[in-house]
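Survey of secondary and tertiary structure
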Amino acid sequence: MSAKSPAAPAAGPRTPLVAVAGNPNTGKTTLFNRLTGSDQKVANYPGVTVDRHAGHMRLPGGLDISVLDVPGTYSLSARSREEEIAIQSIAGLGGEAPPDLVVLVVDATQLSRNLYMALQILELEVPLVVALNMTDVLESRSESIDAEALARELGVPVVSISALKGAGIQELERSIERTLTNPKTALPGPRWTPESTELRADLDRIADSMPPDWIRGSPTRARALAAWALLSVDAPDELHGVPDAVRRLALERRARAAADGRQVDAEIIRGRYDWIDSRMGTFVRPSRRGRERSERADTVLLNPWLGFPIFLATMSVVFLALFSWSEPAIHAIESTFGWVSDLVRGAMGPSIARDFVTEGLIAGVGSVVVFLPQILLLFLFIGVLEDTGYMARVACLMDRIMRSMGLNGRAFVPMLSGYACAVPAILATRTMERQRDRTLTMMVIPLMTCSARLPVYTLVIGALFPPTMLLGFAPVQSLLLVLMYLFSTVLALIVAAVLSRTMLKAPSVPLILEMPPYRMPHWPSVLRQMVQKSRAFLSEAGSVILLCTIALWGLLSFPKDPGLEARRDVLAAQVATLEAEASTPDAQARLDVIAAEQADIAGQQLRSSYAGRLGHAIEPTIEPLGFDWKIGVGLIGAFAAREVFVATMGVVYGIGDADEESATLRDQIHKEKRANGEPVYTPLVGLSLMVFFALACQCMSTLAAVRRETKSWAWVAFLFAYMTALAWVASFVVYQGGRLAGL
Amino acid sequence: MILRLGLSPRMLHTSDIRPGQSARLLQVGGERSFRRRLMELGFLPGTSVRLVRRVAVGDLVEFEVRGGHISLRASEAVALVFESSR
């Protein structure tokens, strides 16, 4: 940390930095959104996959400030690199600029626990303003907090606000401005100081070993950081910024204290809480009513009999809405891109440039944008579930299942997101604490049935399975689709269970899960989160999908055969003249003949293209699965993004614009024959193909996202290898097993 | 002192407490970082803690401590030892 920390802040006027900190679920992000409005930027903390939200605002008196949203924590103590961000942001370590002021958002209904962090910040000698949130909730319980008494005892400004309703924000802004111009009014010094001489000796000894940028000339700050190190450093921890001398001394001092029968952790924590508890009576006029409504709701929502069914019903509604609400938007996007493509095709003469723009560029952008409706909706639902507090209950209900796979209930949200798209789901693993848990979750997310597999399933099921009813009431086609979802989910669970017992074996970490009270969602925050996540998808996955689609177009179109090209142009000219003539039966018949020859040329062109050669090259490896080289070409195409398979098969069979509903494509699939006259596609081949798509890692953007989040090519390689192997084996078993069974 | 309490018959475990009942914490055990986190959340010896409910499906126990509601796994909540009120 000392080596790469920046120089002291430049002299002269610079924009003051205000850090917004607080416990999780205190309304911290809501306040941050209120302060900065739309003037926000999401980036990454260096070396850690935690979103860093920063923004700008102008205070009422005209002062411009930068605002940083510090990730929510209960304490500044840390064990993981992610938790370390809190102390680095507030004390200005590890490359983070030291804030001129910290605004601590305090949940008035849980005052003593929230004040614990206030004491930690005051020990560090950082100017502090307390934003006392949810006082309205407190009042509804006929409880109240004496903000003035609290300000007096803490020695810093305290402003009552309601982040949700926007009350008290102006007051807070004025207080921030006053404090920035006169920081002394918010620097009262530590509230709690260790009483025992032993602990003081421990802290002084550790403080002596600190580098200058930790101490910054303040013995008080040095002692505070010593207390932080004493609580945080552990023999196995993931902290990165702690100087070796500090680490060694902290471990040594703690061990020595333990040998003397002293528990330094308890001593420090107890010291702070004793300070708070002895003064609570002066701030709070309590009336023990608690959060009755939330508790009553939980007697139903966490009920042993009703809890799980209600959860399943909620998820079913979410999924039904996800598919049915997104459908009109998806159709609109598809037809818009089709229309633009036609427009360009009409405007440009036939040329390679035209093909590149329509089949490469426009189709590529289209295949990215088409995912947006489902992704937006999924993050809307997740945002609502999180903001209302129900997600904590879901984590509760799912914990036992998740535990059996070596994960905890928090892995549920990322896995759920995987049903829309693996890329944002992989980004969502950041809510988990341990790198190992995140890696494990990332290794199974790509098995979830994402929306890109749906067009493939729709095409195969529609073409190869009869629309009949099983036992007279169950539609075979829908049943198959549900079966594919169940299949991938069960497999993901099995893979997670296996990995957590082998490659990613780790001691289980105790779960500490806060259950926030239920409340109405703050819509602007939910919508902002939805937009930010979708933007992450567009920039992460979008560029990869676009590049792959263009590369695929190149593979399918080159090399060009001049003879075929010339013949194609002749045919195109003939079509133009025939269409200009009246639509006589004779002209129509000739058009049909030409169309057949055009399809034949397209087929020949494909066979000699790079993609066609690749398809032929891999044919021996996919033949045992029941696939021919044409399917091979589709599989190669699907590595850009799975749904590209459908369009590629359209090209393979010489059908212009094909989608999964296309009757011509279904027909062609139905009619396609092998050399010996047997049909290529049987229901068994279809099943084998769907199993392959369910399991194979055919998504470059997923691999790119995993690479970014794990910072390791080894995991990327492993993910690709195990999924492809699994897909091949499973399809082999399905196809060969089916053949043995006489299907 | 801990030794004496360890032998005391007045110790209660989470499983001995009925939902809705409050009890005073006597000891916080468990692995160090878990214990530190619990203490920082307010689970300190001497603090009154209410057992809000048991979530049977997930096998979790929900506690109320210092106004906050925290769920722990039943198997991990054995780290908390309470004092019998009588």
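Scoring rules and cut-offs
Residues numbered from 1 in each chain as written. Chains lettered and ligands numbered in written order. Predicted model: local features only at pLDDT ≥ 70, side-chain atom pairs only at ≥ 80, totals over all residues. Heavy atoms only, no water. Helix = DSSP H or I, 4+ residues; strand = E, 2+ residues; numbered from the N terminus. Domains from an automatic or database assignment. Contact = heavy atoms within 4.5 Å. Buried area = accessible area lost by both parts, 1.4 Å probe. Salt bridge = Lys/Arg side-chain N within 4 Å of Asp/Glu carboxyl O. Polar contact = N/O pair within 3.5 Å; in protein donor to acceptor, adjacent residues only side chain to side chain. Pairing = 2+ DSSP bridges. Axes fitted to C-alpha atoms, helices over the stretch in contact; angles between N-to-C directions. Nonpolar A, V, L, I, M, F, W, Y, C, P; charged D, E, K, R; others polar. Expected span 1.5 Å × (residues − 1). Buried < 20%, exposed > 50% of the residue type's maximum accessible area, 1.4 Å probe, protein only.

Structural notes on the environment of serine 89 of chain A
Here serine 89 of chain A is to be found in helix α2 (residues 81-91). In this structure, the C-alpha to C-alpha distance between serine 89 of chain A and valine 70 of chain A, residues 19 residues apart in sequence, is 6.8 Å.

Quick notes on the domain arrangement of chain A
All names here are of chain A. Assigned domains within chain A: domain 1 (17-186), domain 2 (197-285), domain 3 (307-451 + 470-525) and domain 4 (540-740). Each of domain 3 and domain 4 has a C-alpha centre, and the two are 26 Å apart. Taken together, the 34 residues of domain 3 in the interface contact 32 residues of domain 4. Interface of domain 3 and domain 4: buried area, both sides summed, is about 3000 Å²; carbon and sulfur atoms make up 77% of it. Three residues, Val423, Met443 and Met484, lead the burial of domain 3 against domain 4; their summed loss comes to 18% of the area buried on that side. Our count for the domain 3 to domain 4 interface comes out at 0 salt bridges. Taken together, the connections running from domain 3 to domain 4 amount to 2 residue pairs in polar contact (both at pLDDT 80 or more).

A few points about the sheet that holds strand β3 (residues 48-55) of chain B
Taken in spatial order, the 7 strands line up as β12(A)-β5(B)-β4(B)-β3(B)-β2(B)-β6(B)-β1(B) in an open sheet, and their pairing is antiparallel. Edge positions in the sheet fall to β12 (512-514) of chain A together with β1 (11-13) of chain B, since each of these pairs with one other strand and no more. The sheet shows a mean angle of 45° between the axes of neighbouring strands, direction not considered. Pairing of β3 of chain B with strand β4 (residues 60-65) of chain B, which is carried by 5 bridges, proceeds in the antiparallel orientation. Counterpart to valine 55 of chain B in the pairing with β4 of chain B is leucine 60 of chain B. The strands touched by helix α12 (residues 292-301) of chain A are β3, β4 and β5 (68-73) of chain B; relative to β3 of chain B, the strand with the most contacts, the crossing angle is about 30°.

Notes on the interface of chain A and chain B
Tallying the contact residues gives 50 residues for chain A and 35 residues for chain B. Both sides together, the interface formed by chain A and chain B hides about 3700 Å², and carbon and sulfur atoms give 50% of it. Inspection of the chain A/chain B interface yields 8 salt bridges. The partner of aspartate 234 of chain A in a salt bridge is arginine 32 of chain B, and the shortest N-O contact between them spans 3.5 Å. Between the two partners, chain A and chain B, sit 21 residue pairs in polar contact (both at pLDDT 80 or more). Those elements that place two or more of their residues in the side of chain A that touches chain B are α3 (111-123), α9 (219-232), α11 (264-283), α12, α16 (390-404) and β12 of chain A. With 6 residues, the top contributor of residues to the side of chain A that touches chain B is α11 of chain A. Taken together, the residues of the side of chain A that touches chain B break down into 21 nonpolar, 12 polar and 17 charged. In this structure, β12 of chain A lies alongside β5 of chain B, joined through 3 bridges in antiparallel fashion. What sits directly across from isoleucine 512 of chain A, in β5 of chain B, is leucine 72 of chain B.

Quick look at helix α6 (residues 169-181) of chain A
In this model α6 of chain A runs 19 Å from its N-terminal to its C-terminal C-alpha over 13 residues, within 8% of the 18 Å that 1.5 Å per residue would give. Listed as buried for α6 of chain A are Ile169, Leu172, Glu173, Ser175, Ile176, Glu177, Thr179 and Leu180 of chain A.

Things to note about unusual backbone geometry
Along the chain, phenylalanine 558 of chain A connects to proline 559 of chain A via a cis peptide bond; the corresponding omega equals -10°. Residue placement: proline 559 of chain A occurs in the loop between α22 (523-557) and α23 (562-580). In this model, methionine 134 of chain A sits at a positive phi of 65°, which is unusual for a non-glycine residue. Residue position: methionine 134 of chain A is located in the loop between β6 (128-133) and α4 (135-140). Under the relative-accessibility criterion, methionine 134 of chain A is labelled buried at 11%. Positive phi, normally seen in glycine, also occurs at arginine 66 of chain B, with a value near 50°. Structurally, arginine 66 of chain B can be placed in the loop between β4 and β5. Classification of arginine 66 of chain B as buried rests on a relative accessible area of 16%.

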